[in-house]
Each structure stands twice: as C-alpha cells, then as structure tokens.
Amino acid sequence: MAAVLLMIAALLVGHPAAAATIRSVDATASAITIRFDGPIPSASAFMVDGPNRIAVDVAGVEPGAAANPGGAVVRIRQGRFNPTTVRLVFDLSAPVVVANGSFSADGGTLTLALRPASQARFTAAVRQGRSNFLAPAGLRSATANRRYSVTVPLDPPRKAVALPAVAGPSDDSRPLVVIDAGHGGHDPGALSPTRGKREKDITLAVARAIRDELVRGGRVRVALTRDDDRYLVLRERFEIARRLGADLFISIHADSAPSADARGATIYTLSEVASDREAALLAQRENKADIVHGVNLSGENADVTSILIDLAQRETMNTAASFARLLQREAAPDVPFRATPHRMASLMVLKAPDVPSLLFECGYITNDEDLAFIGSKKGRDSIARGFRQALEIHFARQMASR
C-alpha cells in the first residue's frame, strides 16, 4: 500500500522524464545536505531509535555518490527501499532531531536543519512520525497544490512482548537456544546499494534456516524472538531469552561497509572494552536505543549490584567466547569468514548477565558475493549446518563436564 501511495504522490507532483540521481550527501553538526542532479518534487524524513538514526525517503531518484558524514552523523547509507523510493539512513553518535527542512529554488538540493536533543526528545520525535518536504510550487504541476502525506504504519507500542513458541523436543531438560533476527518492522537495518535487499529480511531468513536445522537435528530446543516482520527494541530481544530461561542467545545481523570489497562473516561476543576500533563503532551504532535500561537489581545496593552483574557476566562472556571459537571452527569449511572472525564489543543486545550471548554478522550486504551467499537457500543452509554442529558439540561438552 505504501508503494502505491508513493507512486500516486509522484504523479500528483510530477517529476522529470528521467529520474534524477543523488549527486552528494553531506552532514555537519547543524545540517544534512542532499544534492541531486535534477529537480526533485518531494521528500520525507523520520527518526528511528534502537539505535538512533535519521531516515530520509526520496521518490523518483537513483542512489548516487558516496556520502560525507560529520557532526553527530557517523555513517550514511543509501539504497532502494522499494522500486520507487531511495532511502538514506544517517547513523547517529548522539541524539539530534530534524528541526525543519527545505528545497532550494531549483529543487536540486534538500537541506535538513539539525538540532541537538535529549534522548527523551529524540524518542518523542520517533513517535511523531514522518515529516514531508515539498519543492517550490513552480516546480510542481497545477494539481500539486493539494498537499499529501505518505503514511507508513509502525508497530503499535506494547507493554510486554509475548513469549514465542519453543520448537523441537518436548523434553524441557534439552538445552534451549533463542535466535534473534535483527531489525524488523519500521527498521529495515542496512540496505544493499545495488540490489535493494534489506537486512531485516535477510536476518529473518537466516534465523528461520537455523531454527529448522536445529529442529531437524532433534537435540536442541529453539525459539525465535520474531518470526515475522515486527520491531523489537534491544532490551526486549534478550529479555525474551531470559524469560524463557535460554541456555544461549544468538542475534543475527548482516554487516555493511562503505567499501564494496569488505566481506565475510564475523562473530561478536561481549566485552566492556571493544577489541578494536571497528567493534567500538559497531557498539556505538547499535546501543543507542536502550543505553539507559540496564539490568534491574533495584532490591540491592549499588556495590552488591555491581558485583553480581560482574560475576554473572564473566561466566556468560567466557561461555559465549568458547562457543564463538567452536562456531567458527565448525562453520568455516562452508561459510566465508573475515580474517579475524571473532571480535569483542560492548553491544547492548549481548548484555543479558545470565544468558551467554553472541551476535553473528552473516556477511556484508554491501558486497555482491556475500549478498548472493546469504540471500540463497544454499548459503543459509550452510550457515545453519555450522550452527547445528557447533551447538551440539557445545552442549555435549557442557553435559560431560557436569
């Protein structure tokens, strides 16, 4: 429906016979400037949390040149959101909101004024939804005097997330693995600049493949945090694993990079000090949604709380790191990994103190070879097979040591 509305809107305001291309994208502390090689009739922007981002949708254009981040914008991505729309995503290191936006007189430049904001103000802006910007009236057809809006339905707020069904053996003594398909709902995650693929769709397909392989193996119980296209905040994801009493939590993502040459899978486990600068930047991108929501130990004083969390996390971190090495060993024959496949980062989604957790970046959505691999049934089956073998060995070792 949203795609139909966008096409109707484009007809109402008119557009050049040949689609314009994005010429440059620049971000500073005070503004985002998007330049096109032709006039653009309209655009819209909205804020997304979990982590904090600004998204800009432009209909009737083609993705274009590399972008230049700056100010609170630490990374800029662009790609096809649907056949008629290009989406630009601006990852933020600190909350800022779009104060206003305007087109140049020739319709070739869109400028969005940025204003620093508190996290509460940013969250309020997320709830306010989409802002629409129209080019000067002289560039629009006579029928363009009627303003329009494009509405994308967002997932309604929920007081508590319902627990998912558990698949596999009915024996509750069997270990339980919770698999989290990253992103979802109004948050597409990373976008392929060449094929229009969305991270949220890839992660769900990989998560389902792993679940189905584990069910076929018959030795492990498994649940998915989401089995459809819905949005979950970071805390909800690992809280599902905690409420189910999971033995392991696995979050599935697809990586992205400014260079199309970057490729290979990566396994992240928790470290309060990131193992390298890239891991630190990943943590910065992913943590913003729930950074103020820690583990609730309100019945204890600060010293006891700190000790309890530290002890629990040390044990789960060691368990997760051990499984990460095992996963890399078992999956490596069929799954391409990066040169340094196991890295550490302080990611919020890994911070359940009592559930060993890891984040699996299954490949680069910005690399055509990786995208072909993770986008194919054969590639997903290879990943799933590696997970099954590693999980069965991991839990067999745990049983033997008891």
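These numbers were taken from a predicted model, which means no experiment stands behind them.

Conventions used here
Residues numbered from 1 in each chain as written. Predicted model: local features only at pLDDT ≥ 70, side-chain atom pairs only at ≥ 80, totals over all residues. Heavy atoms only, no water. Helix = DSSP H or I, 4+ residues; strand = E, 2+ residues; numbered from the N terminus. Buried < 20%, exposed > 50% of the residue type's maximum accessible area, 1.4 Å probe, protein only. Contact = heavy atoms within 4.5 Å. Areas by Shrake-Rupley, 256 points an atom, 1.4 Å probe, with all protein chains shown as cover. Phe/Tyr/Trp six-rings, centres within 6.5 Å; stacked < 30°, edge-to-face > 60°. Pairing = 2+ DSSP bridges. Axes fitted to C-alpha atoms, helices over the stretch in contact; angles between N-to-C directions. Parallel < 35°, antiparallel > 145°, perpendicular 65-115°, else oblique. Left-handed = near helix turned anticlockwise from the far one by under 90°. Core = buried A, V, L, I, M, F, W, Y, C linked by side-chain atoms within 4.5 Å. Salt bridge = Lys/Arg side-chain N within 4 Å of Asp/Glu carboxyl O. pLDDT = per-residue confidence, 0-100.

Novice: Help me understand the overall build of the protein in this model?
Specialist: Across its full length, the protein carries eight helices and 17 strands. The buried share among the 402 residues of the protein stands at 52%. Across the protein, every contact between residues at least 6 apart in sequence was considered, and the portion connecting residues at least 24 apart equals 76%. Total accessible area computed for the protein in this model is approximately 17,500 Å², and 53% of it derives from carbon and sulfur atoms.

Novice: Would you mind going over the packing of aromatic side chains with me for this structure?
Specialist: Each aromatic ring pair is summarised here by two numbers: the centre-to-centre distance and the angle between the ring planes. Tallied over the full model, the rule gives two aromatic pairs. Consider the rings of phenylalanine 337 and phenylalanine 360, whose centres lie 6.4 Å apart with planes at 70 degrees: the pair is edge-to-face. Of this pair, phenylalanine 337 sits in strand S16 (residues 337-345) while phenylalanine 360 sits in strand S17 (residues 357-364), and the two are 23 residues apart along the sequence. For phenylalanine 360, a relative accessible area of 2% corresponds to the buried category. Ring centres of phenylalanine 360 and phenylalanine 387 lie 5.1 Å apart, and the angle between their planes is 85 degrees; on these two criteria the pair is classed as edge-to-face. In this pair, phenylalanine 360 sits in strand S17 while phenylalanine 387 sits in helix H8 (residues 377-401), placing the two residues 27 residues apart along the sequence. Accessibility classification places phenylalanine 360 together with phenylalanine 387 in one group, the buried group. Each residue in the set Phe337, Phe360 and Phe387 is aromatic and connected to the rest through ring pairs, giving one cluster.

Novice: Looking at this structure, how should I read the sheet that holds strand S4 (residues 53-59)?
Specialist: What holds strands together in a sheet is hydrogen bonding between their backbones, with the strands either parallel or antiparallel. Across the sheet, which stays open at both edges, the five strands sit in the order S7-S8-S4-S3-S11 with antiparallel pairing between neighbours. Of all strands in the sheet, those with a lone pairing partner are strand S7 (73-82) and strand S11 (131-134), marking the two edges. On average, adjacent strands in this sheet sit at an angle of 20 degrees to one another, irrespective of strand direction. Pairing of strand S3 (residues 42-48) with S11 involves four bridges; the strand directions are antiparallel. Paired with alanine 45 across the strands is serine 131, a residue of S11. With respect to the sheet, helix H2 (residues 119-128) is in contact with S3, S4 and strand S8 (85-92), its orientation differing from that of S3 by roughly 130 degrees.

Novice: Would you take a moment to explain the sheet that holds strand S15 (residues 265-270) for this structure?
Specialist: Taken together, the six strands give an open sheet; going across it, the order is S13-S12-S14-S17-S15-S16, and neighbouring strands pair in mixed fashion. The sheet is open, and its two edges are formed by strand S13 (221-224) and S16, each paired on a single side. Sheet twist, expressed as the average angle between the axes of neighbouring strands with direction ignored, equals 20 degrees. Sheet strands in contact with helix H3 (residues 199-217) are strand S12 (176-181), S13, strand S14 (248-255) and S17, and its direction is about 140 degrees off that of S14. Taken strand by strand, helix H4 (residues 234-244) contacts S12, S13 and S14, and its axis lies near 165 degrees from that of S12.

Novice: How should I be thinking about the packing of H3 against H8 in this particular structure?
Specialist: Axis separation between H3 and H8 bottoms out at 8 Å; the angle between their running directions is 50 degrees. As the angle between them shows, H3 and H8 are arranged oblique. For the pair H3 and H8, the crossing hand works out as right-handed. Contacts between H3 and H8 involve Ala205, Val206, Ala209, Ile210, Glu213, Leu214 and Gly217 from the former and Arg380, Ile383, Ala384, Arg385, Phe387, Arg388, Leu391 and Glu392 from the latter.

Novice: I would appreciate a short explanation of the pairing of S3 in the present structure.
Specialist: Every other side chain in a regular strand lies on the same face of the sheet, so the side chains alternate between the two faces. Most of S3 is tucked away: seven of the seven residues are buried. Burial of S3 is two-sided: the residues Ser42, Ser44, Phe46 and Val48 facing one way and the residues Ala43, Ala45 and Met47 facing the other way are all buried. In terms of strand pairing, S3 meets S4 through five bridges, oriented antiparallel. When the sheet's bridge partners are listed, valine 48 is paired in S4 with arginine 53. Between S3 and S4, which pair antiparallel and follow one another directly, the connecting turn spans four residues, one of which, glycine 50, has a positive phi of 80 degrees.

Novice: Which parts of the structure should I look at to understand the nonpolar core?
Specialist: Grouped burial of nonpolar side chains is what soluble globular proteins tend to show. One finds Ile179, Ile210, Phe323, Phe360, Ile383 and Phe387 to be the most contacted residues of the largest nonpolar core, which totals 40 residues. By residue number, the principal contributor to this core is H3, which donates seven residues. Among all residues touching phenylalanine 323, those that are not within four sequence positions of it are Leu248, Ile250, Leu358, Phe387, Ala390, Leu391 and His394. Among the nonpolar cores identified, the runner-up in size contains 35 residues, and Ala27, Ile32, Phe103 and Leu112 belong to it.

Novice: Is there a simple way to think about the side chain of arginine 75 in this case?
Specialist: Checked against the element boundaries, arginine 75 lands in strand S7. For arginine 75, a relative accessible area of 13% translates into the label buried.

Novice: So what exactly am I meant to see when it comes to the environment of glutamine 398 here?
Specialist: As for its position among the elements, glutamine 398 is in helix H8. With 79 residues separating them along the chain, glutamine 398 and threonine 319 place their C-alpha atoms 9.9 Å apart.

Novice: What exactly am I supposed to notice about the pattern of salt bridges here?
Specialist: When the charged atoms of two side chains lie near each other, side chains of opposite charge can form a pair. In this structure the tally under the stated criterion is 28 salt bridges. Among the ionic pairs, aspartate 354 bridges to arginine 242, the shortest N-O distance being 2.9 Å. One end of the pair, aspartate 354, is in the loop between S16 and S17; the other, arginine 242, is in helix H4, and 112 residues separate them in sequence.

Novice: For this particular structure, what's the right way to read the confidence of the model for the protein?
Specialist: Detailed reading of the predicted model is not advised wherever pLDDT is low. Looking at the protein as a whole, the pLDDT averages 82, with 79% of positions reaching at least 70. Within the model, the stretch residues 1-18 combines pLDDT values under 50 with 22 contacts to residues more than four positions away or in other chains.

Novice: Help me understand H2, please; the structure alone is not making it clear to me.
Specialist: Listed in full, the buried residues belonging to H2 are Phe122, Ala124, Ala125 and Val126. In the core, the buried residues of H2 are packed alongside S3, S4, S8 and strand S9 (96-103). Phi turns positive one or two residues past the end of H2, at glycine 129, with a value near 85 degrees.

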